[in-house]
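Chain by chain, the residues run as shown.
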Amino acid sequence: MDNEQNLTDIGTVKALLARHGFHFSKKLGQNFLINPSVCPRMAEACGADAGTGVLEIGPGIGVLTRELARRAARVTAIELDERLLPVLEETLGGYPHAHILHGDAMKLDLRRVVAEEFPGLRVAVCANLPYYITSPILMKLLESRLPVENITVMVQKEAAQRLCALPGTRECGAVTFAVQYYAEPEVLFPVSRGSFLPAPNVDSAVIRLKVRREPPCRVEDEEWLFRLVRAAFGQRRKTLPNALAGAGLDKQQAAAALREAGIPETARAEQLTLEMFAALAKNVEKPHTVLRSSPPS
Ligand code: SAM
């Protein structure tokens with residue numbers, strides 16, 4: 001489109017936002033991309049093409065949405081901030097196959113959204129995620145087993161390292177194991193803080209999670225597996241038998257289960273592999289107490 005506004009030009013973006021009386025909300029993680037090379041690279045990386053539908057979370061003023069819409073058969077973008085709806089109407093006016101859903105991505109039934117929005121299409125998720133919900137939204141996308149090929153997202157650099165860490169390394173956390181169970185993660189490229197308006201205090205990176213068709217190991221009860229993982233990392237300085245108390249086990253029970261799974265009692269959470277956690281989940285009976293569950297971090 002020849003005469004459309006350039007959404008990576010700071011002056012143009014500021015004028016557009018001023019015209020709509022818009023002020024950035026820190027609470028909603030609003031840092032808009034103004035580096036012209038990033039959105040085309042993200043759109044390419046998620047594989048958007050004429051046979052693909054792309055789900056975006058948090059379109060902002062539509063800078064990535066446009067790049068996706070230039071390539072994909074359909075783009076559906078979920079935006080929570082209703083003040084951005086008139087802005088998006090203006091910036092996406094020339095893209096009839098880009099569709100905005102007003103709502104909270106954490107609350108919407110995403111399986112239903114995908115089924116209704118992309119019948120007959122391959123599906124990818126592509127987004128510059130609001131940082132305050134990085135882990136919960138990724139876990140929601142993965143756990144709801146959306147029929148998507150990949151999830152290509154911008155996250156904070158530290159989150160990228162943790163999400164894509166190899167089990168057994170210092171960077172890994174509970175979320176590393178959850179991601180590894182559902183997907184094959186990779187860091188694609190770094191993005192400096194100066195690529196955003198306003199500039200955040202940290203650098204970012206684009207990661208791609210290739211969603212697995214089958215998990216790499218078999219477990220009967222995934223909820224129990226991840227409860228053990230969260231407990232182990234929740235108290236990562238403690239020995240494993242003590243840390244696993246967080247999953248409702250007593251110390252002797254936990255020590256016996258570790259022995260049975262062939263894991264040294266002195267091992268630390270980050271030294272375990274996904275297969276070891278799976279063996280642990282199999283060898284120890286889930287207590288019937290109801291524990292508060294929180295997303296892995
Ligand atoms: N995609 C745009 C870009 O790259 O310039 C904006 C990205 S900005 C980091 C995150 C966007 O997510 C904002 O537009 C914000 O309003 C929106 N957002 C925040 N929380 C959300 C939620 N729970 N559901 C949907 N959108 C949300």
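Use the structure listed above.
The text that follows walks through the structure, step by step, so that each part is easy to find. This is a predicted model, so every value here is computed, not measured.

Structural notes on helix H1 (residues 10–19)
All buried positions along H1 are accounted for by Val 13, Leu 16 and Leu 17. Along the axis of H1, the buried residues cluster in a sector spanning 95°; they form a single face. Facing away from the buried surface of H1 by more than 90 degrees, the exposed residues are Lys 14, Ala 18 and Arg 19. Close packing links the buried residues of H1 with strand S1 (32–33), helix H4 (85–91) and strand S8 (196–197).

Quick notes on the site of the ligand
Taken together, 24 residues are adjacent to the ligand, and Leu 33, Gly 58, Glu 79, Asn 128 and Tyr 132 come closest. At 2.9 Å from a nitrogen atom of the ligand is found a side-chain nitrogen or oxygen belonging to Asp 104. Against a free-state accessible area of 590 Å², the protein chains account for coverage of 99% of the ligand. With respect to the pocket detection grid, the ligand is positioned in the largest cavity. Where the shell around the ligand is concerned, the elements lending two or more residues are S1 and strand S3 (74–79). Class assignment for the residues of the shell around the ligand results in 13 nonpolar, seven polar and four charged.

Some thoughts on empty space enclosed by the protein
Scanning the entire structure with this criterion turns up one cavity of 30 Å³ or more. There is about 340 Å³ of room inside the largest cavity. Lining the largest cavity are 29 residues, with Leu 28, Gly 58, Glu 79, Asn 128 and Pro 130 positioned closest to its centre. Listed by contribution, the elements that provide at least two residues to the lining of the largest cavity are S1, strand S2 (52–57), helix H3 (63–71) and S3.

Let's talk about the sheet that holds S3
Backbone-to-backbone hydrogen bonds pair the strands of a sheet. The strands run either parallel or antiparallel. Pairing is mixed across the open sheet formed by seven strands, whose spatial order is S4-S3-S2-S5-S6-S9-S7. Sheet topology places strand S4 (98–102) and strand S7 (183–191) at the edges, where each strand pairs with a single neighbour. Across the sheet, the mean angle separating the axes of adjacent strands is 20° when strand polarity is ignored. Bridge count between S7 and strand S9 (residues 204–211): eight bridges; the pairing is antiparallel. Paired with Pro 190 across the strands is Ala 205, a residue of S9. Across the face of the sheet, helix H8 (residues 174–182) comes into contact with S7 and S9 while running at roughly 115° to S7.

Considering the nonpolar core
Looking at soluble globular proteins, one finds that nonpolar side chains tend to be buried together. Counting 67 residues, the largest nonpolar core has Leu 141, Ile 151, Leu 228, Leu 244 and Phe 277 as the members making the most contacts within it. It is helix H9 (residues 222–234) that contributes the most residues to this core, eight residues altogether. Setting aside residues up to four positions removed in sequence, Phe 277 forms contacts with Phe 177, Leu 225, Leu 228, Val 229, Ala 232, Phe 233, Ala 269 and Leu 272. Counting 37 residues, the second-largest nonpolar core is a separate cluster that includes Leu 7, Ala 43, Ala 72 and Leu 92.

Some words on the packing of aromatic side chains
Tallying each qualifying case throughout the model produces nine aromatic pairs. Ring centres 5.4 Å apart and planes at 40° place the aromatic pair Phe 177 and Phe 233 in the tilted group. You can see Phe 177 sitting in helix H8 and its partner Phe 233 sitting in helix H9, a full 56 residues away along the chain. Here Phe 177 matches Phe 233 in class, with each residue buried. Considering the side-chain rings of Phe 177 and Phe 277, the 5.1 Å spacing of their centres and the 80° angle between planes classify their relative orientation as edge-to-face. Taken together, the positions of Phe 177 in helix H8 and Phe 277 in helix H12 (residues 274–283) put the pair 100 residues apart, joining distant regions of the chain. Residue placement shows Arg 41 over the ring face of Phe 189; its charged tip is 3.8 Å from the ring centre.

What to know about the packing of helix H2 (residues 38–45) against H3
Angle between the axes and distance between the axes are the two parameters that describe a pair of packed helices. As a packed pair, H2 and H3 sit with axes 9 Å apart at the nearest point and diverge in direction by 45°. By the criterion of interaxial angle, the relationship of H2 to H3 is oblique. Judged by the sense of rotation from one axis to the other, the crossing of H2 with H3 is right-handed. Along the contact surface, H2 presents Cys 39, Pro 40, Met 42, Ala 43 and Glu 44, while H3 presents Val 63, Leu 64, Glu 67, Leu 68 and Arg 71. Within the contact of H2 with H3, the residues separate by chemical class into seven nonpolar, no polar and three charged.

Some details on unusual backbone geometry
With an omega dihedral of -15°, the bond running from Leu 197 to Pro 198 counts as a cis peptide bond. Here Pro 198 is to be found in the loop between S8 and S9. Here Arg 145, not a glycine, exhibits a phi torsion of approximately 50°, which is positive. Within the element layout of this structure, Arg 145 appears in the loop between helix H6 (134–143) and strand S6 (150–156).

What counts, and where the lines are drawn
- Residues numbered from 1 in each chain as written.
- Predicted model: local features only at pLDDT ≥ 70, side-chain atom pairs only at ≥ 80, totals over all residues.
- Heavy atoms only, no water.
- Buried < 20%, exposed > 50% of the residue type's maximum accessible area, 1.4 Å probe, protein only.
- Helix = DSSP H or I, 4+ residues; strand = E, 2+ residues; numbered from the N terminus.
- Arc of directions from axis to C-beta.
- Contact = heavy atoms within 4.5 Å.
- Near = heavy atom within 4 Å.
- Polar contact = N/O pair within 3.5 Å; in protein donor to acceptor, adjacent residues only side chain to side chain.
- Areas by Shrake-Rupley, 256 points an atom, 1.4 Å probe, with all protein chains shown as cover.
- 1 Å grid on protein atoms, 1.4 Å probe; cavity = no way out; pocket = protein on both sides within 12 Å on 5 of 7 lines; lining within 4 Å.
- Sits in = over half its atoms within 2 Å of the grid points.
- Nonpolar A, V, L, I, M, F, W, Y, C, P; charged D, E, K, R; others polar.
- Points joined across faces, edges and corners; volume = space filled by probe spheres on them.
- Pairing = 2+ DSSP bridges.
- Axes fitted to C-alpha atoms, helices over the stretch in contact; angles between N-to-C directions.
- Core = buried A, V, L, I, M, F, W, Y, C linked by side-chain atoms within 4.5 Å.
- Phe/Tyr/Trp six-rings, centres within 6.5 Å; stacked < 30°, edge-to-face > 60°.
- Lys NZ or Arg CZ within 6 Å of the ring centre and 35° of its normal.
- Parallel < 35°, antiparallel > 145°, perpendicular 65-115°, else oblique.
- Left-handed = near helix turned anticlockwise from the far one by under 90°.

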